[in-house]
Amino acid sequence: MALEKTLVLLKPCTLQRALAGEIISLFERKGLRICGMKMMQLTDELLSEHYAHLAGKPFFQRVKDSMMTAPIVALCLEGVDAIAAVRALAGPTNGRNAAPGTIRGSYCMSFQENIVHASDSPETAATELKRFFRPEEIFEWKQAVFDYLYACDEF
């Protein structure tokens, strides 16, 4: 197995509720490595590109408006099967349906104000990481505990 990188966005609701540090620590405690992290204010143009798959939906503008109410924190996380691990930790999109112990199951009651965005496939992750990070903003480094996160044949 290879290490993979994925995008996570801590949504404006996360920052408004002062949960950013707590959510980031959940990813770190899981064993995911932070390769990039930055705060940014999203624009309508960037969100129209990011949520283009929702463009025909009646809630499209509402989603974009929500994502512009405050800054977000963009994270590039890395690990073996990082995309699946992040999505399992996040839980289903609708917080009301998310299991206790998942991020959404523990921290939200909403379909839209659901704490995080997480890439859903390797292809999506690659596209989204390029959308939110310049190459020089993603760092390669060996985490001191790396050899204790995986067996030698897992990556």
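Preceding block: the structure.
Rules behind the numbers
Residues numbered from 1 in each chain as written. Predicted model: local features only at pLDDT ≥ 70, side-chain atom pairs only at ≥ 80, totals over all residues. Heavy atoms only, no water. 1 Å grid on protein atoms, 1.4 Å probe; cavity = no way out; pocket = protein on both sides within 12 Å on 5 of 7 lines; lining within 4 Å. Points joined across faces, edges and corners; volume = space filled by probe spheres on them. Helix = DSSP H or I, 4+ residues; strand = E, 2+ residues; numbered from the N terminus. Nonpolar A, V, L, I, M, F, W, Y, C, P; charged D, E, K, R; others polar. Pairing = 2+ DSSP bridges. Axes fitted to C-alpha atoms, helices over the stretch in contact; angles between N-to-C directions. Contact = heavy atoms within 4.5 Å. Buried < 20%, exposed > 50% of the residue type's maximum accessible area, 1.4 Å probe, protein only. Arc of directions from axis to C-beta.

**Student:** Lay out the layout of surface pockets with the relevant residues and their values.
**Tutor:** What the largest pocket holds in volume is close to 560 Å³. In this structure, the largest pocket is lined by 25 residues; those nearest its centre are Tyr51, His53, Leu54, Thr93 and His117. Counting residues per element, the ones that place at least two in the lining of the largest pocket are helix H4 (60–67), strand S4 (116–118) and helix H7 (122–132). The residue inventory of the lining of the largest pocket, partitioned by class, reads eight nonpolar, ten polar and seven charged.

**Student:** Could you give me a rundown of the pairing of strand S1 (residues 3–10), with the residues and numbers involved?
**Tutor:** With eight bridges connecting them, S1 and strand S3 (residues 72–80) associate as antiparallel partners. Residue pairing for S3: Leu9 is matched across the bridge by Ala74. Across three bridges, the pairing between S1 and S4 is antiparallel. Counted as the bridge partner of Val8 is Ala118 from S4.

**Student:** Outline the sheet that holds S3, listing residues and values.
**Tutor:** By way of backbone hydrogen bonds, the strands of a sheet pair with one another, either parallel or antiparallel. The strand order across the open sheet formed by four strands is S2-S3-S1-S4, and the pairing between neighbours is antiparallel. Of all strands in the sheet, those bounded by a partner on one side alone are strand S2 (33–40) and S4. The sheet shows a mean angle of 20 degrees between the axes of neighbouring strands, direction not considered. Its contacts with the sheet put helix H2 (residues 20–30) on S1, S2, S3 and S4, and the angle it makes with S1 is roughly 165 degrees.

**Student:** Summarise H7; cite the residues concerned and give the values.
**Tutor:** For H7, the complete set of buried residues consists of Ala125, Glu128, Leu129, Arg131 and Phe132. Projected down its long axis, H7 shows its buried positions confined to an angular sector of 155 degrees, all on one face. Residues of H7 that are exposed and angled more than 90 degrees away from the buried face: Glu123 and Lys130. Buried-residue contacts for H7 involve S1, S2, helix H3 (44–50), S3, helix H5 (82–90) and S4.

**Student:** Mind laying out the environment of Ala70, listing which residues take part and the relevant values?
**Tutor:** Checked against the element boundaries, Ala70 lands in the loop between H4 and S3. In this structure the C-alpha to C-alpha distance between Ala70 and Lys11, which are 59 residues apart in sequence, comes to 8.3 Å. Each residue touching Ala70, except ones within four places of it in the same chain, is listed here: Pro12, Gln16 and Gln41.

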